[in-house]
Amino acid sequence: MDLQRVAPLHPHFDPALGLLRLELEHGKANEIGSEELGALEALCELLEQHDEVRCLCTTSRRESAKGTKIFISGANVSERVGWSDERVKQHVLRQRELMRRLRHAPLFTVALTHGVTFGWGAEFLLTADYCIATPTARFALPETGLGIVPGARGTAELALQVGPAQALRLGCTGEELDADAARQIGLVHELVADLEAGLVRVEQLALRLASRSPTAVAAYKRGLLAALGQPEAQRLAIERDAYELCVDTGEAAIGRAAFSARRAPGESPAPPPWGARRLETPR
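As the structure is a prediction and not an experimental result, all values here were calculated from the model.

Considering the nonpolar core
So, step 1. Ranked by size, the top nonpolar core spans 47 residues in total, and within it L43, W120, F139 and L187 carry the most contacts.
So, step 2. In terms of residues, this core owes the most to one element, helix α1 (residues 34–49), which gives 8 residues.
So, step 3. Membership of the second largest hydrophobic core comes to 14 residues, among which are L17, V192, L205 and A206.

Now the structure itself:
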């Protein structure tokens, strides 16, 4: 697995855990511009094509000269100086499509923030399956103060996660939240003491994922996301398809055999010999 194309994201891969950790460290304040978008698009290709990665964690150790901790401070708006309106629109369309791909990546993804998580950074959280924050994390959507709206999932998706009232408060007023308030409304899901504790927690999650079927994890995530907002009959049909995929790819049989081995006396068995990740039924 070649990580050179995602080098601007400072990747670190642990093959034993299947954990790919991105440690953002770029620009003045980890703002996301064209170069970072290109690296993130390459990341999506990597995640979609290779199943060595079982868990993706995006984090940052960045601090400003004044000691302010930073996760993602927002989009790189300064690079757009001199752009035409049409170029700006196309650039944001590109961001929106990238965020969609990140949200639907066929593996478990975690965002671990310890600092400023504004604008694009807050929207990035909406692409993660699980969000962890330290007490120094801060969150805001300042876009309406710049004459725009959050355009990379913030308008389309935030209310589904935190409810319309909280989304309207954040998006309309730009009010800043601390980590505890973000957890209370569901923007983040877990608080940890500091960044190192967060990394330990991510490794715990990655260890559990490493013993599970990549096909089953991907099928569960795809089915769950596809079922959101659908009528009951459609949700059950999506669940049927996800379950039958696991049967048809042979993962269910592998799991049954491993379950029998676990019930036998003696040493704990090794993880089951899962097959490669499959998201289509074999023909």
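Here's the deal with helix α5 (residues 164–173)
So, step 1. Among all positions of α5, only A167, L170 and G171 are buried. Viewed along the axis of α5, the buried residues span an arc of 90°, placing them on a single side of the element. Exposed residues pointing more than 90 degrees away from the buried face of α5 are listed as A165, L168, C172 and T173.
So, step 2. Buried positions along α5 lie against α4 (154–162), β9 (177–178) and α6 (179–185).

Observations regarding a nonpolar patch on the surface
So, step 1. Taken together, the side chains of V77, L146 and I148 make up a nonpolar region of the molecular surface, amounting to roughly 280 Å² of accessible area.
So, step 2. Checked against the element boundaries, V77 lands in the loop between β4 (70–72) and α2 (85–103).

Digging into the sheet that holds strand β8 (residues 138–140)
So, step 1. Taken in spatial order, the 4 strands line up as β4-β6-β8-β9 in an open sheet, and their pairing is mixed. Each end of this open sheet is capped by a strand with a single partner; those strands are β4 and β9.
So, step 2. Sheet analysis places strand β6 (residues 116–118) next to β8, joined by 3 bridges and oriented parallel. Opposite F118, over in β8, you have A140 as the bridge partner.

Focus on the pattern of salt bridges
So, step 1. This model, assessed by the stated rule, comprises 16 salt bridges.
So, step 2. For E41, the salt bridge goes to R94, with nearest N and O atoms at 2.8 Å. In this pair, E41 sits in helix α1 while R94 sits in helix α2, placing the two residues 53 residues apart along the sequence.
So, step 3. Note that R100 is salt-bridged to E97, the shortest N-O span being 2.7 Å. Of the two residues, R100 and E97 are both situated in helix α2; the distance of 3 residues between them amounts to about one turn of the helix.

A short note on the packing of α4 against α5
So, step 1. Two numbers describe how α4 lies on α5: the axes approach to 7 Å, and their chain directions differ by 130°. Our classification of the angle between α4 and α5 gives oblique. In the crossing of α4 with α5, the sense of the turn from one axis to the other is right-handed. Contacts from L158, A159 and V162 in α4 reach P164, Q166, A167 and L170 in α5.
So, step 2. Considered class by class, the residues forming the contact of α4 with α5 number 6 nonpolar, 1 polar and no charged.

Side note on the sheet that holds strand β1 (residues 11–14)
So, step 1. Pairing in this open sheet of 6 strands is mixed, and the strands run β1-β2-β3-β5-β7-β10 from one edge to the other. Looking at the sheet topology across the chains shown, the edges are occupied by β1 and β10 (190–191).

As for the packing of helix α8 (residues 214–227) against helix α9 (residues 232–248)
So, step 1. Orientation of α8 relative to α9, taken along the N-to-C sense of each, is 170°, at an axis distance of 9 Å. The orientation of α8 relative to α9 falls into the category roughly antiparallel. Every residue of α9 that contacts α8 at T215, A216, A219, R222, G223, A226 and A227 is listed here: R235, I238, A242, L245 and C246.
So, step 2. By residue class, the composition of the contact of α8 with α9 is 8 nonpolar, 2 polar and 2 charged.

Comments concerning the pairing of strand β2 (residues 19–23)
So, step 1. Across the 5 residues that make up β2, a large majority, 4, are buried.
So, step 2. The loop that links β1 with its antiparallel partner β2 comprises 4 residues; one of these, G18, has a positive phi angle of about 65°.
So, step 3. As paired strands, β2 and strand β3 (residues 55–59) are joined by 5 bridges and run parallel to one another. Note that in β3 the partner of R21 across the bridge is C57.
So, step 4. As a crossover connection, the stretch from β2 through α1 into β3 is right-handed.

Quick look at the environment of G229
So, step 1. Its location among the elements puts G229 in the loop between α8 and α9.
So, step 2. Along the backbone, G229 and L160 are 69 residues apart, and their C-alpha atoms lie at a distance of 9.6 Å.

Calculation rules
- Residues numbered from 1 in each chain as written.
- Predicted model: local features only at pLDDT ≥ 70, side-chain atom pairs only at ≥ 80, totals over all residues.
- Heavy atoms only, no water.
- Core = buried A, V, L, I, M, F, W, Y, C linked by side-chain atoms within 4.5 Å.
- Buried < 20%, exposed > 50% of the residue type's maximum accessible area, 1.4 Å probe, protein only.
- Helix = DSSP H or I, 4+ residues; strand = E, 2+ residues; numbered from the N terminus.
- Arc of directions from axis to C-beta.
- Contact = heavy atoms within 4.5 Å.
- Patch = residues over 30% accessible without salt bridge, like charges linked within 9 Å, V, L, I, M, F, W, Y side chains within 5 Å.
- Areas by Shrake-Rupley, 256 points an atom, 1.4 Å probe, with all protein chains shown as cover.
- Salt bridge = Lys/Arg side-chain N within 4 Å of Asp/Glu carboxyl O.
- Pairing = 2+ DSSP bridges.
- Axes fitted to C-alpha atoms, helices over the stretch in contact; angles between N-to-C directions.
- Parallel < 35°, antiparallel > 145°, perpendicular 65-115°, else oblique.
- Left-handed = near helix turned anticlockwise from the far one by under 90°.
- Nonpolar A, V, L, I, M, F, W, Y, C, P; charged D, E, K, R; others polar.
- Right-handed = clockwise from strand over helix to strand, strands pointing away.

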